[in-house]
Amino acid sequence: MRQLLATATLVALPTFALAQDAVDGTPPAAAREPDPTARGRFGMDFTTQYFFRGIRQETQGLILQPWGEIGYALTDGDDTMRGLDLTFGTWSSLNSGGSNDGADGSWYEGRGFIDLTAGVAEKWTLGLRYTAYGNPNAAPRRFRTVQELEVRAELDDRGYTGDVIEGGLRPYALVAVESAGEREYYNPGSTADTNAGIYGEFGVNPSFALGVRDDDLRLHVPVKLGVSLSDYYQDSATGKDEFFGYLDVGVEVRQPLAFVPRRLGPWNAFVGVHFLLLGDNCEERNKGSTNATVSGDATEFILSAGLSTRF
């Protein structure tokens, strides 16, 4: 546990220093400079369980997930393309529970990504992302290094849903192709589940103002469906692929932290609960054991919370 907290502190200190450099206050409109070319975000999330696309990773102990990203505006935008952004990001999972049966202790997972995002026409956003997933633990039952290419499309439908859902449904779809390695749970001794897969995801993220503090307090209801488009949710014993991976229904409350001094940056907090419904093969992986007599759970409830800021 001490190693986990020490690692989290090392991750948080550099990003806190960045926040200290934030400008205090906003200049008058006439004196404002153009939007900065570079901008960034970072934060720390806490969760009671970690499932990656419905696949069990960690269900015990303390789970901290620090992340950060910095983006660059490549164009100013026009009527055809609102903007073109290049983003570099990193994300980690620091676990104190049973997943740490490897050599590197609490650092269970680290990933980095490069993202190219274009705002097209008035409402659409298209993205292309390369992600490298690493498992520093290198534990025998966990994934090895994986590379993945993802394409996605999002629609900003605010205004289409009227006053009923004033934040819009914000529908999106993505397809992720494993170009090297496999992100699924690995069963040693089995050669049936070793194919790189193609993952599909469809979701919405409606939000509602709760009428508190000038509508700063908002309720989000993210819903996403994860499916296998090819060899993604394979049975670890037979290799049989299943189309349905999982359904994730969440309820989150998000709030800017107005009491934080401006010189420390605009901080935000959230708390939430997610309900997972797992497909048969994700349910089988959820037992956390290769023992065929042990049954996995088909449903899970996950509590989460987090802090983040931007600069």
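Residues numbered from 1 in each chain as written. Predicted model: local features only at pLDDT ≥ 70, side-chain atom pairs only at ≥ 80, totals over all residues. Heavy atoms only, no water.

Some words on the overall build of the protein chain
Alright, step 1. When you go through the protein chain residue by residue, the secondary structure sums to two helices and 16 strands.
Alright, step 2. For the protein chain, buried positions account for 41% of its 311 residues.
Alright, step 3. Taking contacts inside the protein chain between residues at least 6 apart in sequence as the whole, the part at least 24 apart equals 64%.
Alright, step 4. Accessible area of the protein chain: about 16,200 Å², with a carbon and sulfur share of 59%. (Helix = DSSP H or I, 4+ residues; strand = E, 2+ residues; numbered from the N terminus. Buried < 20%, exposed > 50% of the residue type's maximum accessible area, 1.4 Å probe, protein only. Contact = heavy atoms within 4.5 Å. Areas by Shrake-Rupley, 256 points an atom, 1.4 Å probe, with all protein chains shown as cover.)

Side note on the pairing of strand β8 (residues 146-155)
Alright, step 1. Both strand β7 (residues 124-134) and β8 contribute to a ladder of 10 bridges, which runs antiparallel. Opposite R129, over in β8, you have E150 as the bridge partner.
Alright, step 2. The pairing of β8 with strand β9 (residues 172-180) spans eight bridges and is antiparallel. Looking at β9, one finds that E148 is bridged to E178. (Pairing = 2+ DSSP bridges.)

Describing the nonpolar core
Alright, step 1. Among the nonpolar cores identified, the biggest contains 20 residues, and Y50, Y199, Y232, Y233, Y246, L276 and L278 are the most heavily contacted of them.
Alright, step 2. Of all elements in the fold, only β2 (50-52), β4 (63-73), β9 and β15 (268-278) reach the threshold of two or more residues within this core.
Alright, step 3. With three residues, the single largest contributor to this core is β2.
Alright, step 4. Counting residues in each nonpolar core, the second largest holds five residues, with F42, L257, V260 and L264 among its members. (Core = buried A, V, L, I, M, F, W, Y, C linked by side-chain atoms within 4.5 Å.)

Let's talk about the packing of aromatic side chains
Alright, step 1. Applying the stated rule across the entire model yields 10 aromatic pairs.
Alright, step 2. Consider the rings of F42 and F311, whose centres lie 6.1 Å apart with planes at 45°: the pair is tilted. Taken together, the positions of F42 in strand β1 (residues 38-47) and F311 in the segment after β16 (299-310) put the pair 269 residues apart, joining distant regions of the chain.
Alright, step 3. Note on Y199 and Y232: the rings are 5.1 Å apart at their centroids and 45° apart in plane angle, and the pair reads as tilted. Of this pair, Y199 sits in strand β10 (residues 198-204) while Y232 sits in the loop between β13 (223-230) and β14 (244-256), and the two are 33 residues apart along the sequence. No difference in accessibility class separates Y199 from Y232, as the two residues are buried.
Alright, step 4. A network of ring pairs unites the aromatic residues F42, W267 and F311 as a single cluster.
Alright, step 5. Lying over the aromatic face of Y160, K123 brings its terminal NZ or CZ to 5.3 Å of the ring centre. (Phe/Tyr/Trp six-rings, centres within 6.5 Å; stacked < 30°, edge-to-face > 60°. Lys NZ or Arg CZ within 6 Å of the ring centre and 35° of its normal.)

Observations regarding the pairing of β16
Alright, step 1. As paired strands, β1 and β16 are joined by seven bridges and run antiparallel to one another. If you follow R41 over to β16, its bridge partner there is R310.
Alright, step 2. Both β15 and β16 contribute to a ladder of 10 bridges, which runs antiparallel. By the bridge assignment, V273 is partnered in β16 with L303.

A look at the environment of T48
Alright, step 1. Secondary-structure assignment places T48 in the loop between β1 and β2.
Alright, step 2. Each C-alpha atom, one on T48 and one on G61, is 7.7 Å from the other, the two residues being 13 residues apart in sequence.

Overview of the side chain of H220
Alright, step 1. Structurally, H220 is set in strand β12 (residues 218-220).
Alright, step 2. Among the residues examined, H220 registers a relative accessible area of 14% and is labelled buried.
Alright, step 3. When residues no more than four places from it in sequence are discounted, the contact partners of H220 are N205, P206, S207, G250, V251, E252 and R254.

Topic: the confidence of the model for the protein chain
Alright, step 1. Here the protein chain averages 81 in pLDDT, and 77% of its residues register 70 or above.
Alright, step 2. A low-confidence stretch, residues 1-34 stays under pLDDT 50, and its non-local contacts, those more than four residues away or across chains, total 38 contacts. (pLDDT = per-residue confidence, 0-100.)

Notes on the side chain of E242
Alright, step 1. For E242, the location among the structural elements is in the loop between β13 and β14.
Alright, step 2. The side chain of E242 sits in the buried core without any salt bridge; R285 is the nearest counter-charge, 7.1 Å away.
Alright, step 3. A polar contact is formed between the side chain of E242 and the backbone nitrogen of N281, at a distance of 3.0 Å.
Alright, step 4. When neighbours within four sequence positions are excluded, E242 is seen to be in contact with S228, Y233, G279, D280 and N281. (Lys, Arg positive; Asp, Glu negative; His and termini not counted. Salt bridge = Lys/Arg side-chain N within 4 Å of Asp/Glu carboxyl O. Polar contact = N/O pair within 3.5 Å; in protein donor to acceptor, adjacent residues only side chain to side chain.)

Here's the deal with the environment of L225
Alright, step 1. Relative to the assigned elements, L225 resides in strand β13.
Alright, step 2. Along the chain, L225 and R53 lie 172 residues apart, while their C-alpha atoms are 9.0 Å from each other.

Brief notes about a nonpolar patch on the surface
Alright, step 1. Together, Y72, L74, F88, I114, L116, L128, Y130, L149 and V151 make up a nonpolar patch on the protein surface, roughly 730 Å² of accessible area in all.
Alright, step 2. Among the secondary structure elements, those contributing two or more residues to the nonpolar patch are β6 (107-120), β7 and β8.
Alright, step 3. Among the structural elements, Y72 can be located in strand β4. (Patch = residues over 30% accessible without salt bridge, like charges linked within 9 Å, V, L, I, M, F, W, Y side chains within 5 Å.)

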